[in-house]
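# A closer look at the structure
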Amino acid sequence: MSSIMFDGESGGHTAVQDTPMDLIESFQLNDFLFSSPHRTLLAKGCLFNAHSNRPATPETLDEQVSALFSRARREGQTNPVVVGALPFDTTQPAHLYVPKHWFETSALSLEARHDLSRTPVRVTPTEHALFPRPQGYRDGVEQALEAMRQGRVEKIVLARTLEMNTDQSVDLKPLIKRLIAINPRGYSFSLPMTPEQPDSAPAHAFIGASPELLVRREGNQVIVNPLAGSIPRHSDESEDQRRASELAASDKDRREHALVIDAVIDGLSPYCAHLDIPDGPSVIGTDTLWHLSTTIVGELKDPDTTSLELAAAMHPTPAVCGHARQAAYQAIHDIEPFKRGYFAGAVGWCDSEGNGEWSVAIRCADVHDTHVRLYAGAGLVPGSDPQKELVETGTKLKTMLNAMGLDALNTL
Ligand SMILES: C=C(O[C@@H]1C=C(C(=O)O)C=C[C@H]1O)C(=O)O
C-alpha cells in the first residue's frame, strides 16, 4: 500500500488517513493484524520481544508490560503498543512483543467486507486427521460428565483438534481477508509467532476469527462480551430461527452461560466502580452458530488499569475452561490428549495509555508452513450429550474451514 509511511527509525504509532482496507491490503506474513467490529490495527516488524519465561499472571504481565513500554520509550517511541497472546495455561509465558510500527483506523464496513469475501483462498490438504478421533472425544465427554457426577466440578470445556498437512505453505493474506469478510461481528486476527523473521520465511502464525470479546478498554470504560451456550445454525431460515429460540429457552445453556457471567463479574468487580449488567442473555449469530451473549459495561476505578491487566484478571473464564477453575483445569489436563497453546487464551493489543482490545482465542488455528492445527471446544455441564457436543465442536471448526474453502471436510 503506497500511503503507509513509517515515521523514522524509532517507529511507533503512526496516525493514518488510510482506510481499513488499505491496512488490510498492506498486511504481510509477519505482521500482526487485528480487525474487530470497532477498529482495525496493523503492526509491522518487531522492535523487541518480551522473551519471558514467567507465568502469564496479572502481576507478572503488568510488570512485563511496564518494562516493555519503558524500553520502547528509551528507544524513541512516543506511544508504543504491545501485541500478542496469553496462553490458555497461565503457568506458561505470554507471547508479547513491541512492534516497530503500528497503525490503527476504523472498522471495515459491511460493504467492504462483502467485496473481500470474494478473495480466493487456496488451501489444499494432502492429509488430515481429527485428534482425538470422534469416539475418543465422546469418551472424553463421558469422563468429564463422570467428574461432574462425583461433584468435583460444575462445568468443563472440552476441546478437540483437526490437523492437516497442505501441499504448500499456507498463504496467510487471503486467509485473514476471508476470515474478516465472513465474520463481520468477529475479532479476526493473524499473530506472527516469529515476528522478527523476514517475510520470506515460511508462515508461522496463530490465526482466527473469534466471536468473543474478553475485554475492551477505552479510557475509563470497560466492555466485556462473554459467550456461552451454543447451537448450530441451519440453512433453512425458519429452522434457523427455531434453533435460536430453542437456545434462548434452554435451561442447560442458560446454566452454562450464568457460570461464565458470575465469574466475569467476580473478575471485573475489584477494578470497576460500577457495572451495567443486563437482566439476561441475548442470542447472537456467527457464520455457523447461535450463541448466548451478554455485554457488560463498567467504569474503571483506577485509570491506570490496563486492558491487558483486565484480560489477565478474567482469563481463563468458564467459557473456555470451566468452573470451578482449578478443578476444570485439572480435568482438561487429564482428558485432552494435546496441548492447547494459545487456543482458548486471548489475542489482542494494549497501548501505552492502557487502551486495547483482547479477544478470546477461539475459532482459530496454528499455522506453521505446511502444517495446520484447528481447535474447537464445547462447554459441558450435567445433562450435556456427547454426540451433540461432537456436532457442536465440528460446527465450530467450520469457521476456519469455511474461510479456507474446505467447508466440505468432514468433521465428524
Ligand atoms: C470453546 C469454544 O467456544 C466457547 C464455548 C461456547 C459453548 O460451549 O457454548 C461458546 C462460545 C465460546 O465461549 C470454541 O469455539 O472452541
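Analysis parameters
- Residues numbered from 1 in each chain as written.
- Predicted model: local features only at pLDDT ≥ 70, side-chain atom pairs only at ≥ 80, totals over all residues.
- Heavy atoms only, no water.
- Core = buried A, V, L, I, M, F, W, Y, C linked by side-chain atoms within 4.5 Å.
- Buried < 20%, exposed > 50% of the residue type's maximum accessible area, 1.4 Å probe, protein only.
- Contact = heavy atoms within 4.5 Å.
- Phe/Tyr/Trp six-rings, centres within 6.5 Å; stacked < 30°, edge-to-face > 60°.
- Helix = DSSP H or I, 4+ residues; strand = E, 2+ residues; numbered from the N terminus.
- Lys NZ or Arg CZ within 6 Å of the ring centre and 35° of its normal.
- Near = heavy atom within 4 Å.
- Polar contact = N/O pair within 3.5 Å; in protein donor to acceptor, adjacent residues only side chain to side chain.
- Areas by Shrake-Rupley, 256 points an atom, 1.4 Å probe, with all protein chains shown as cover.
- 1 Å grid on protein atoms, 1.4 Å probe; cavity = no way out; pocket = protein on both sides within 12 Å on 5 of 7 lines; lining within 4 Å.
- Sits in = over half its atoms within 2 Å of the grid points.
- Nonpolar A, V, L, I, M, F, W, Y, C, P; charged D, E, K, R; others polar.

### Re the nonpolar core
If you look at the biggest cluster of nonpolar residues, it comprises 88 residues, and the most contacted ones within it are Phe32, Leu96, Phe206, Leu268 and Trp358. When sequence neighbours within four positions are dropped, the list of residues in contact with Leu268 reads Val222, Val224, Leu275, Leu310 and Met314. Of all hydrophobic cores here, the second largest spans 38 residues; its members include Ile24, Leu33, Leu179 and Ala205.

### Some words on the packing of aromatic side chains
By the definition in use, this model includes eight aromatic pairs. Centre to centre, the rings of Phe338 and Tyr375 are 6.2 Å apart; their planes meet at 50°, and the pair counts as tilted. Remark: Tyr375 occurs in strand S23 (residues 371-380) and Phe338 occurs in the loop between helix H9 (325-335) and strand S20 (346-351); sequence separation between them is 37 residues. Pair check on accessibility: Phe338 and Tyr375 agree, each one buried. The structure contains a cluster of three or more aromatic residues connected by ring pairs, namely Phe32, Phe34 and Tyr187. The positively charged end of Arg71 is found above the aromatic ring belonging to Phe48, 3.9 Å away from the centroid. Note that Arg233 overlies the ring of Trp290, its terminal NZ or CZ placed 3.9 Å from the centroid.

### Considering the site of the ligand
Among the 18 residues in the neighbourhood of the ligand, the closest are listed as Glu212, Ser230, Arg363, Gly377 and Gly379. The separation between an oxygen atom of the ligand and a polar main-chain atom of Leu227 is 2.9 Å. The separation between an oxygen atom of the ligand and a polar side-chain atom of Lys396 is 3.5 Å. Out of a free accessible area of 390 Å², the ligand has 99% covered by protein chains. When atoms are counted within 2 Å of each cavity's grid points, the one that captures over half of the ligand is the largest cavity. Mapped onto the shell around the ligand, the elements with two or more residues apiece are strand S14 (227-232), S23 and helix H10 (386-403). Residue composition of the shell around the ligand, grouped by class: eight nonpolar, five polar and five charged.

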